[in-house]
Structures are given as structure tokens and as C-alpha cells.
Amino acid sequence: MDSKKEEVRRKHIRLHMEGTLTARDKVGVQDFVLLDAHTSEAAFVDNLRKRFKENLIYTYIGTLLVSVNPYQELGIYTVSQMELYQGVNFFELPPHVYAIADNAYRMMCSELNNHFILISGESGAGKTEASKKILQYYAVTCPMTESLQIARDRLLLSNPVLEAFGNAKTLRNDNSSRFGKYMDIQFDFQGVPVGGHIISYLIEKSRVVYQNQGERNFHIFYQLLAGGEAERLAYLGLERDPQLYKYLSQGHCAKESSLNDKNEWKTVSNAFSVIDFTEADLENLFGVIASVLHLGNICFQEDEQGCATVPDTHEIKWIAKLLGVYPPVLLEALTHRKIEAKTEEVICPLTPELSAYARDAMAKAVYGRTFTWLVNKINCSLVNKDVTKKTVIGLLDIYGFEVFDKNGFEQFCINYCNEKLQQLLIERTLKAEQAEYETEGIEWEPIQYFNNKIICDLVEERHKGIISILDEECIRPGPATDVSFLEKLEDRVGRHAHFQTRKLAGPKGRKRIGWMEFQLLHYAGEVTYCTKGFLEKNNDLLYRHLKEVLCRSDNSILRECFLVAELESRRRPPTVGTQFKNSLSSLLEILISKEPSYIRCIKPNATKEPSKFDDFLIRHQIKYLGLMEHLRVRRAGFAYRRKYEHFLQRYKSLCPDTWPHWHGPPGEGVQRLVTYIGYGPEEYKLGKTKIFIRFPRTLFATEDAFEFSKHQLVARIQATYKGCLGRREYVKKRRAATKLEAHWRGVLARKEVQRRRWAVQVIRRFVKGFIHRDEPLGPDNEEFIVFVRKNYILNLRYHVPKNVLDKSWLRPPGILENASDLLRAMCLRNLVRKYCRGVTAERRALMQEKVVASEIFRGKKEGYADSLNQPFADSRIDEGDIHPKVLQLIGSEKVEYGVPVIKYDRKGFKARQRQLVLTREAAYVVDVAKVKQKIEYSELKGVSTSSLSDGLLVIHVSPEDHKRKGDAVLQCEHIFEAVTKLVMLVKKDVVSVVQGSLQFSIGPGREGTIVFHTGPEEQIYKDKNGQLRVVSVRRKS
Ligand SMILES: Nc1ncnc2c1ncn2[C@@H]1O[C@H](COP(=O)(O)OP(=O)(O)OP(=O)(O)O)[C@@H](O)[C@H]1O
Ligand SMILES: [Mg+2]
């Protein structure tokens, strides 16, 4: 199952490899080594063009960087770009000058050795820009301490100063460096830039006194005039208009739109302050600069003897003032020459031409030496006084190979310099390349390359080389001229394979070489030099007389530049050629001890236009930069090689055996990897420490597969990382939650403690209050008592009786008994009042009756308590049930109450059904239609009932009245009601409740007895004694 999966994966990788190969071709290759047609210049140019059109200006040849000047801002030098390249493996990212810079820096840091980056190319190809980009890269990306910031600023700001004094507008470049520059950047053991050192080479002094059409003098002159403060210019005796100065106006382009001299002046002035120039230094420096301008404006005329005179000494005075010399002495030095005869000095006048020559020589010498002084001064400010060991990265921004229509002494020197650098390249690259195959034990076919040592020898060999011959010619007594020099060359090196003159060339070459010219076959091609001016430039003669004046100058710069020792020395100073040769050989010594990196700059067109790709011009540069040769050797047999570790590191994800870690020897890992991804045996070789891949397409395929697998890896890494982040976040939250919880619990616990403490105090106070509750109100019990009161009162709310009959009452604490009683009474009163208010008139009447009943019977007669529940009726007989006759008899009296009763005869105690009818006036005992007895209330003596539960009542009437029938003995079911009604109508307390028996009047003078007692059943009967016995059942109550 697993192997099937693997097979599918492999297939996928292969498919992907083939799919993207063509896509890559469309944007060219990032490394020329990967070109299939690596020997074809057309393919080379084609790739360069493809990339240039896409604004991809950088391409590698192995570790060499080819850069094409874009002539436009591409936005590829931002800080984020710098950060992108920082510490990244060289081939991981697209080619960039930052990659070169970073690679050199990393190697320097890790191996603690010195490096240099050689930047070459023709004028305007972008060398200076590249070197500035590198410097900026270090300034931004290197670690920095605050105290060393000044060193970094000085390194950066030395550039504008040097450019102002050493750069000029030429036809080829508006900011052309007219000197070679080698700058060491020194780093401490931590990789912090701590200092620097600059060496300058062969400044083009002739520019000070002469410029071709369309070119300018060094920038500083124009900057001073355009930007210098008015007082400074006045002090220097200068006007703002550069046209007024002969040395500035010969090229007819003193004003150049692409250059902003005023702004540049500000930059330069600012830079001066950073790199430690004092006001006195600047005064002296600009004194020299101004005096050069004044010198240019000195005109010589011929007097009668043919000698030079200066009609207008105005300029002389200014120069004398600025340089601190005596004007007549200066004037004499410019127009006379000291000739040393055997024992004495003879002063002889000069012709105007020779004076002009002397003037120009003075201007050149003054400027040239001041430039050297300036470089030294900058070096003083860059020097790091700390003596600990430092490593350096050198930046060599040097003129490239130059071939013009007319080539002079300068081109000769420049091209010689390039030959020397090519030598270095051969030593360090081509030879090294071949040596690598050998040390790695790889079989390969040796590549033939041209070793230009033979040309270097032709130029520099002691006593035999062209420079030696030139020197000889310069010091030879007798009339030496450029022509005699050429003849000597023909004589001495005429047979050299790389040397040619018109005379030696024979009929074929004649057309191409002039009479005054010689041709050198440089490694980069033929160049024809015109010998005119060779001797003069090589001599660089400054008349002794002028030297003496300058030695005595008050200007400290000149005094430092022109030493008296030089005058006293009898030895001839070395010629320019020899000086240059010596400085080059010491440069090579410097370089040879360091690890090289190369940047080859190419200029895409001669018109400084963006996006214009001039094939012809570029082919020419490719040729003389030796790029094809370099590529050929780089590719000799194998397009690509990489240390096992690095190869494995990059591609290990393509093979399950090597991913994510390979623990065995890297070589074996690589073997496993390439076998897995299916390299054919012809496609690669394994060396001792490196893998060598023969075809570019193999590498592409691997690279594409890597690209493809990267996405999968990225997804996996992303997922893992996101998971990790999620987990981390979760753990963080959980921890936070736990902490919060703990704190919250703490808060709660603290609150609880407080609450309990408070509670304890309250309880304690409460207990104390309780103990002292019976004492007079005081601090010990006040709170308790208030609390008890309040609590009782509040509690009482819920226990107040709801009605009058509710006798319940909340038991008061001892101290509140009085209050409680008062409250209870109040409450009761209130309830009663409330109750009373709610009672209707009828009910009140009814209650009054009950009250009356209560007064009569309460506690006196059995059964009363039971009767309480039974409400009294208005009447027990409807008026309709009373016979109309009776009503008639009663007459106008209203029947107030009627109730059925049993009447017992007074004599025989016979029981008869009757009605007792009560009116306001009297009580009537009624037998259906007859009134049996009328008892007027006024005659009523009393009413008696027994104390037992029987319903017997006796209405006593006055016995005197014999008309009357005697007392009425009645039994009534509603005895309480009937008696009460009667009493209310009688309006007197007439009732007596008797115990045991009662007497009643049967008639006048006759009395009967009624005996009451209890028995098992109710009975009324006449006993043997003739008494009425009333037996009632005992009620419980
Ligand atoms: N990488 C670049 N990006 C944008 N413009 C560039 C770049 N390199 C060079 N240039 C443009 O090209 C001009 C010339 O470049 P530079 O001065 O570096 O040339 P050079 O090789 O030093 O020439 P010279 O030998 O004359 O000193 C610059 O002023 C700038 O306008
Ligand atoms: Mg330059």
C-alpha cells in the first residue's frame, strides 16, 4: 500500500518537473551556468535580454554576479529587500547584489577571513552604484552599537565627498568616477562595521585643466559655485557663474540638468561635518579649489623678447592670497624656469606656451595632491583605533576596460589595470575551478583558457616592459619624444605576439594603425593607443620653481602635499606609469590574500535610456569582461555543483529517507536522494564533498519538484504551526482562567472572612446585648435593644391578628412587654373599629339583640353558647300566618315579632299550641284567630327562665290585676331569641334566670311551682305534687 502511494508521489513529482521546465525558460535562467547552450554567445545575450526586459537586471555565473544597468529606479533596494537577503543561502533567492554582499559577509563572519568584492565594467555600467548599494546593505543589516554608529555614518558619508572631488560628468556617465577606489570596511569579531580605509588610484588630473565637448570638470567646482554661501565665495574671490572660469567652461555644459549642484553641495557640506573636517580644513581646502579656478583664468602674453608676461595680475593676487604665497614670487614661478647648471641656478623666462603648460601643471598637481590629501584625511576619520583583530570586506570600484576611438596614456593605464585584475580572476577562478575538479576527484576535460600573463609581462616587466621603456625614454638625456618612444617600443618589444605598430603590421594592418600609434592585443581585444602625450603624462612634470613656491605656501594642505624633502631629494620621483604599476601590484597583494566575489557591470546602451538593450554594445562588453570564458570554465563538464550538506539541506524533502533529517554522512544522503528522484547515472557525479550535476535541466527538474513539494510541506508546516499556536493560545487562556479563578476565589474568601469577622462582632455584640438586656439602656445593650425592638416590630407585621376574634399575638421579648400590650390594645381597637365600620344597620341591630341576649343569658343559662351561632330571625312567623282577626284585634300596632310557642295551662299544665306575637306595646298569646292573653308591657313584671337548657319561660304579670289571667307559662324553641326580643321591646331588664324552680302566679293570690332539673330526655309534665316538672338534657359547654 505504502509503496503504491510512493509510486504515485514520484510520478506526480516527475510530471510536475516536466510541466514547469518550459515555463521557467520563458523568463530566462537565473544562473548562466544553467544555460543549455552555454558556449553560445547568442544564448547568453538572449538570456540577458529576456531578463532585462522583465527588469531582472541581475544574473549569476556561479557565484559571479552580472549586473545590467537599468537606468531607472526599480524599487529593489528597499530595507525589506535587504532583510529578505539577510542570512539566506546564496542560491535560495533570485540573484541580487545584496546576495553577493550577504554571502561575503556571512563567510567572513563564519570563517573569520577577509574578502573583497571586485566590481568592474565600463564607464556608466553601474559600478559605483553597486558599491554604494553594498555599503548601504552593510549599514542597514549589520549589527550596530550606538557608539559605532558614527563609524557607519562616516563610511557612508565618505562617498559623497569623494564623489564630489573625484567624479565628473562625462559623455558616458553623468557621475563618472575619475579615479579608482578600493575601500576596506573593517568589522569586529561580532560583525559590526567599526572602521574603514580607502585607497584611491590614478585620478584623472588632466580633467582639471581640460574637458572634452559635453563633459565637465570635477563636480566640486560647480557645487561650490552653485551652493557655496555668498560670504565664502566672496572670501575666495569667486563669482557664481561657472562660465567665467576657463577650467569649467571648455566642455560647454557647465549647467547640467541631471545634476543638482546646489543640493549636492548641501550633502557634501553635511558630510564634511560628519567626517571630522574643521572649519580651518575647509577654508584651506576651498582655498585650493578656488585657486585652481583662478589659475585657469590667468592669461599669458608675449613681450618683445618672446617671453611670457601676465598683463592682468588680478588672479595672481587671489591665488597668492588663498595659497598664502608672495604674489611676485608666484608670478615669477609661472613665467620663469630655474635651470640648475653645474654649480649655480639660472633663471630663464618661459614662452607663453610654456607658462600656460606650467600653469596647467600647477593646477593638476595642486588638485591631484589635494585629492590624495582628502583621501588621507577621510581615512583618518575612518580609522578604528582599537587594536583588536578585525576582518575586512574590500570594495573595489575600478574603471573597466576602455576602448575609445582615440586611446591615450590613461586608457593604457586603465587597460593595464584590467589585465592585472583579469590575472587575478584567472588565478582565483579559472585555475581554482579546475583545481576543484581535481580535489573532488571528478573526471573532466580540461578547458583551454587564455592566460593573459603574457600581456601583463609585456606592459610591466622590469627593463623589458612598455612602462620601463617609457620611463627610460623619459629620463634619457637628449631629445626624447613620443615618436622616439614608439620607435624604441618597436625595437624592444616589436616581436611580441600581442604588440603591433603600423610599421610592424605589414600591408594588412596598416590601415588600422596610425603612424603615432601602437596596438596591444589585450585579453579582451585589440586596442590602439596613440603615443601622443605619453611622455609628458608619464613625467607629470611640475617645474621646480613652482614646487618651491608651493612648498612655502601658508595653506596647510599644500604644505602637507608639497614637502621640502621632495625638493631636496636628488632622486627623480617615480614616473606616473611606475607609480601606477607599483600601486597596482600592492593592490593585487591586498586582493590576493582575500576571498573574492565578483560583480560584472554591463551598460545596456550608450544613451543612458531605460529598457534599451543594445545588442552590439552588450556583446562587446560580454567579450571584454571575459564572461563567456568564465562561463565555459564554470560549466566545464558540469553545470552545477553544490556541497553535499547544502544540496541535502535544500532538497531533502523530496525523499522520505532524507526527510525531515538525515543522520548519516551527507554524501550518502545525497546518493539516496538522487536515486530516489531518479537521476540517471550520466546526469551527475559525486565528488568528495560536492555533487556535480551535468545538465541544467536535471537541476531544474529537481528545483521544480522541490517547488511542488514545498507547497505540501508548507501546508503541513502551517498546519503544525497553527496547531502549535492554537495549543499555545489555549494553554495561555487556561492558565489565565485558572489564575482568574484563583484570584476570584481569593477575593470571595477574603470577603467571606470579612463577613464572618463582621458576623462574629455582631454576634458578640448581640450576646453582650442579650446579657445586659435588662440593664438600663447603655452602650452595652443599646444596639441589642434597638435590634430586638426593631426586629420585634418588623416581625409583628406578619403576625398582627386579622380579625377581632383572632386572639393570637406575637410573644414579645421581656423588655417589650409593655409596648406589646399597648400595641395589642391598639391593634384590637383598630380591628374593632374596622369591624364596626363594616357592620350594616341590620347586622348591628342583630348584634345589639345578641348583646342584649348575652347580657341576659351569658353564663346563666345552659345552651346559650350553642345558640350564639344561630342568628336571630326578624320573626318566626310571617305576618301572613297570623290570623287577620288577630291582626285586627291588635289594631294599629305593628307586629314586631312572632314565634310559635306551647302554652301550659296554669292549672292543669296542659300544653297548647299558640303564637306569641310581640308589638311595641304588648305581648299577645294567640290561639289561631283569638287573642288568648294580652300582656301590656307596662303590666309586665318580669320574665323567668331556668338555668338549664329547656325552652321554658314564664312571663310574669302584675298579680293585683285580677282581670288578668296570671303569668303565662310558655315553652319556646327559640327561647333566647324570643326572650331577647321581648326584653328589647319592654326596654327594661326584666329577665331572671332561676335555678332549680320558680314560682309563678296562677291567678290572684295563687301560685304554682315549676321545677327544673336535668334528666336523660327532655320532658315536661305535671308531677304528683301538682308542680310542673321540666326535665332537660345536660349540655356540655
Ligand atoms: N542599479 C541601478 N539602478 C538604477 N540606476 C542605476 C543603477 N546602476 C547604475 N545606475 C545609473 O547609472 C548611472 C551610472 O552608474 P555608475 O556611476 O555607478 O557607473 P560607473 O560604472 O561607476 O561608471 P564610471 O566608471 O564612469 O564611474 C548612475 O548614475 C545611475 O543613474
Ligand atoms: Mg563610478
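Notes on the structure in this doc start here. Every chain is numbered independently, its residues counted from 1 as its sequence is written. Key to labels: chains lettered from A, ligands numbered from 1, both in the order written. Thresholds applied to this predicted model are a pLDDT of at least 70 for local features of residues and 80 or more for the giving and counting of side-chain atom pairs; totals over whole chains, interfaces and linings are not thresholded and use all residues. To obtain the side-chain values, all non-hydrogen atoms of the structure were included, while hydrogens and water were left out.

## A look at the overall build of the chain
In terms of helices and strands, the chain carries 36 helices and 31 strands. Each radius of gyration reported is based on C-alpha atoms, and the globular scaling rule is 2.2 Å times the count of residues to the power 0.38. Its C-alpha radius of gyration of 69 Å places the chain more than 25% over the 31 Å reference for a compact globule of 1037 residues. When the backbone C-alpha atoms are referred to their principal axes, the chain occupies close to 210 × 85 × 60 Å. When each of the 1037 residues of the chain is scored for burial, the buried share is 50%. Across the chain, every contact between residues at least 6 apart in sequence was considered, and the portion connecting residues at least 24 apart equals 64%. Methods summary: accessible areas were calculated by the Shrake-Rupley approach with a probe of 1.4 Å, and residue burial reflects only the protein chains presented. Summed over its atoms, the accessible surface of the chain is roughly 52,300 Å², and 53% of this surface lies on carbon and sulfur atoms. A residue counts as positive if it is Lys or Arg and as negative if it is Asp or Glu; His and the chain ends are not included. A charge is said to be at NZ when it belongs to Lys, at CZ for Arg, at CG for Asp and at CD for Glu. Computed over 155 positive and 131 negative side-chain charges, the inter-centroid distance for the chain is 10 Å. Secondary structure elements are taken from DSSP: a helix is a run of H or I of four residues or more, a strand is a run of E of two residues or more, and numbering for both begins at the N terminus. The cut-offs for exposure are 20% and 50% of the maximum accessible area for each residue type, with area from a 1.4 Å probe on protein chains only; residues under the lower value are buried, those over the upper are exposed, and the others partly exposed. Two residues qualify as a contact provided that any one of their heavy atoms is within 4.5 Å of a heavy atom in the partner residue.

## Thoughts on the side chain of arginine 154
As for its placement among the helices and strands, arginine 154 is situated in helix α6 (residues 149-166). A residue is classified by how much of its surface remains accessible, and arginine 154, at 16% relative accessible area, is buried. In protein, a polar contact requires one atom able to donate a hydrogen and another able to accept it; more generally it is a pair of N or O atoms within 3.5 Å, and residues adjacent in sequence count only if both atoms are side-chain atoms. Only 2.9 Å separates the side chain of arginine 154 from the backbone oxygen of serine 381, close enough to count as a polar contact. Look past the residues within four positions of arginine 154 in its chain and what remains in contact with it is Val274, Ile275, Asp276, Ser381 and Leu382.

## Topic: empty space enclosed by the protein
Using only the protein atoms, space was sampled on a 1 Å grid; points where a 1.4 Å probe fits but cannot get out form cavities, open sets with protein on both sides within 12 Å along at least five of seven lines form pockets, and lining residues are those with an atom within 4 Å of a point. Grid points are joined across faces, edges and corners, and a volume is the space filled by probe spheres set on the points. Summed over all chains, the structure comprises five cavities of 30 Å³ or more. Size it by volume and the largest cavity reaches roughly 80 Å³. When residues of the lining of the largest cavity are traced back to their parent elements, those giving at least two are β3 (115-121), α16 (409-440) and β16 (595-602). Here the lining of the largest cavity takes four residues from α16, the largest share from any one element. All amino acids are sorted into three groups, where Ala, Val, Leu, Ile, Met, Phe, Trp, Tyr, Cys and Pro are nonpolar, Asp, Glu, Lys and Arg are charged, and the leftover types, Gly among them, are polar. Each residue belonging to the lining of the largest cavity can be placed in one class, and the counts come to eight nonpolar, three polar and one charged.

## Quick notes on the packing of aromatic side chains
Ring pairs shown here join Phe, Tyr and Trp side chains whose ring centres sit within 6.5 Å, with only the six-membered ring taken for Trp; geometry is labelled stacked below 30 degrees between planes, edge-to-face above 60, and tilted in between. According to the stated counting rule, one finds 38 aromatic pairs in the structure shown. Aromatic side chains tyrosine 437 and phenylalanine 692 sit 5.5 Å apart centroid to centroid with 45° between the ring planes, which places their arrangement in the tilted category. Highlighted residues: tyrosine 437 in helix α16 and phenylalanine 692 in strand β19 (residues 690-693), separated in sequence by 255 residues. With a relative accessible area of 0%, tyrosine 437 lands in the buried category. Among the aromatic residues, ring-to-ring pairing joins Tyr77, Tyr85, Tyr98, Tyr105, Tyr137, Tyr138 and Phe187 into one connected group.

## Re the layout of surface pockets
In this model, the second largest pocket occupies a volume close to 1,200 Å³. Lining the second largest pocket we find 39 residues, and of these Thr63, Asn103, Met107, Arg634 and Lys690 sit closest to its centre. Every element with two or more residues in the lining of the second largest pocket is listed here: α4 (97-111), α16, β16, α27 (627-635) and β17 (640-643). Along the lines of polarity and charge, the residues of the lining of the second largest pocket split into 14 nonpolar, twelve polar and 13 charged.

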